[in-house]
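# Structural features, examined
Each chain, written out:
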Amino acid sequence: MVSRFIAVLVFICCCVSSANAVGTVELSALNESNWPGFFQEGYSHSTPSAQCDHQAFAEFIRSKRSLTPAQISRRLQAKLRACEPEVLYSTPNVELQSYVSLKYPIHLSQQVHRVVIQLPNGRIVKGSMGFQKSRDPRPLMVVRCGLFCEANNLFTTNALIMRFLEEGPFHVVVLESMTATDYIVENHRLSLGGLYGGREVLEVIQVLKDSDYGSLFSSFHVHGISLGGNSALMAAVYASQNPDRFPKISSVSAICPVIDLEGSISGIYHRSLVNQISTRMTNSQLHEVYESVDYLNQNYSPSDFDDLDSDEYMQLISDAAVDDAKNLTEGGWDLAPFKGEEISTRYDFYRASRMQDLQKYIKIPTYLFHASNDKVVLHVDNFKKMQESLEARPNPYMSLLQLERGDHCAFGMAYGWNTFSTIQRELLLREAPEMETVAQEFEVDRISEGDWFGGSYDLGEGESFARYSFHHSPGDLFVELHLKIFTTGDSDWSPRRYLWKCHEKTPSMAPSACYRTKEVRLSL
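Just so you know, these numbers come straight off a predicted model, no measurement behind them.

Analysis parameters
Residues numbered from 1 in each chain as written. Predicted model: local features only at pLDDT ≥ 70, side-chain atom pairs only at ≥ 80, totals over all residues. Heavy atoms only, no water. Helix = DSSP H or I, 4+ residues; strand = E, 2+ residues; numbered from the N terminus. Expected span 1.5 Å × (residues − 1). Buried < 20%, exposed > 50% of the residue type's maximum accessible area, 1.4 Å probe, protein only. Contact = heavy atoms within 4.5 Å. Disulfide = S-S within 2.5 Å. Phe/Tyr/Trp six-rings, centres within 6.5 Å; stacked < 30°, edge-to-face > 60°. Lys NZ or Arg CZ within 6 Å of the ring centre and 35° of its normal. Pairing = 2+ DSSP bridges.

### Side note on helix H10 (residues 310–328)
Here H10 spans 27 Å end to end across 19 residues, near enough to the 27 Å set by a 1.5 Å rise per residue. Within H10 the residues assigned to the buried category are Ser 310, Tyr 313, Met 314, Leu 316, Ile 317, Ser 318, Ala 320, Ala 321, Val 322, Asp 324 and Ala 325. The inward-facing, buried residues of H10 abut helix H7 (261–270), helix H8 (275–289), helix H9 (294–299) and helix H11 (346–351).

### Quick word on the state of the cysteines
Evaluated as defined, the whole model comprises three disulfides. The disulfide partner of Cys 145 is Cys 149, and the S-S distance across this bridge is 2.1 Å. Note on the Cys 145 and Cys 149 pair: the S-S dihedral is about -95°, so by sign convention the disulfide is left-handed. Cys 256 shares a disulfide with Cys 409; S-S distance 1.6 Å. Its S-S torsion of about 65° marks the bond between Cys 256 and Cys 409 as right-handed, since a negative value means left-handed. You can see Cys 256 sitting in the loop between strand E10 (251–255) and H7 and its partner Cys 409 sitting in the loop between strand E12 (398–403) and helix H14 (411–415), a full 153 residues away along the chain. Both residues of the pair, Cys 256 and Cys 409, belong to the buried class.

### Some points on the environment of Tyr 350
Among the structural elements, Tyr 350 can be located in helix H11. Given a relative accessible area of 2%, Tyr 350 falls into the buried group. On a C-alpha basis, the gap between Tyr 350 and Val 322 in space is 8.9 Å, while along the polypeptide they are 28 residues apart. Setting aside its immediate chain neighbours within four residues, Tyr 350 contacts Leu 192, Leu 261, Glu 262, Ile 265, Met 314 and Ser 318.

### Overview of the packing of aromatic side chains
Under the counting rule described, the total for this entry stands at 13 aromatic pairs. Between the aromatic rings of Phe 411 and Phe 420, the centroid separation amounts to 4.9 Å while the plane-to-plane angle is 40°, which identifies the pairing as tilted. The residues Phe 411 and Phe 420 share a single accessibility class, namely buried. Among the aromatic side chains, those forming a connected cluster through ring pairs are Tyr 290, Tyr 295, Tyr 300 and Phe 305. One Lys or Arg, Lys 79, reaches over the ring of Phe 57 and ends 5.3 Å from the middle of that ring. Here the basic side chain of Arg 199 rests over the ring of Trp 333, its NZ or CZ set 4.8 Å away from the ring centre.

### Concerning the pairing of E12
With six of its six residues buried, E12 lies for the most part within the structure. In E12, alternate side chains face the same way, and those of Met 398, Leu 400 and Gln 402 on one face and Ser 399, Leu 401 and Leu 403 on the other are all buried. Both strand E11 (residues 366–371) and E12 contribute to a ladder of six bridges, which runs parallel. Looking at the pairing, Thr 366 lines up with Met 398 of E12.

Below you can see the structure in the form of structure tokens.
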């Protein structure tokens, strides 16, 4: 996967700008970064049976093409529950604590570029864009990332590039959040998305379709992460209700999506687990964007931000978002189902983003993934409301997959990268039928477990793999595998391990004395 950097898109140079009557698209090289790029993976788990491995899930989804999204989600939910004893990894309660890292120097890839998109209304949206090697048309996945997510957020970009570009047939563009500091400074607006969030995603797609790269896209798909999931769902509403205004959207999907914007924003400022982080980040951002946002510099002084409590932070952010929406809807909003409406109060703003009330308008295949133990976007404030709404008013276009574990967007950590990535990708490929004609199977030489560990390496009693990381540079014929091995001390006893009570710890949450390391150099 990581060695696929050698292809060159002959139609893209170091910096390319494509202009049209309604917007511009500018590509340039990614900034160099030492950020390793993490992806999620489970650890210390036996290989699933043939009925529950990732290939079985792929075949299961492919065999159910005649089912609606709602129908297949129910069937898939049942299969996943049956396989959970085999595929659900033994992780801590907070999956976000544990990651396996992959040294993925994305800035060296000639397939991935920094992108700056100017919309017809003058707004600037930045992100990263990856193209498939082939110049034949391919589906485009447009991703909106979550709260505070910047355009250079390689944590989010790397995982999405690997999942959809490297392992799938999609071109991918990952867009910064409307709550990103750069976005606020560039556009002089402080917003949470809501009413405008989905529209902006569709406007980005329109600009890309009309650009010089438009011929490369066979279909358009929208994906959202966390807060970006609310914008993705709003895009589904607008695209369904205004089919002649925007390019056709073939599918919408979201992981750990915000369903009820007001409840979720309230939660991040009031729950003890996340409110300290949220308030500190908000305080820092408000100081940074103060001069760029009229609402802030006309109503506050910078020193005011340091004296706010959680309630006051939420009130400020909400009022700023209402002010932005008020300007946008002056004279009446022009898109159904809110045509003619004006936003003037907090109630108006949050009402227009309650997806549990708006799902009835969606007529596009839409796939949502949520974990019951999500501690950021709480189940009771979000997914449960959508489930109750669909029970009262079923929508065949809506697919809900409720996962037992996964916390906030860490599904790969709980179920393994292969399992979740395959499920997500195969569901979306159902809505890209043009790719069936180019599907091919190839025999590959896999690195065996014996190769990984030098041909004769076994774990001792009480040992398990806690972390591993691959280190590879483009063009190198070798990859280094760095192993971090958790040991209770049963097979490798030491006073230090006994003192730290390693036998009472878990592989993901233990002091350094409970680990040992091993490095293996593998031939590709």
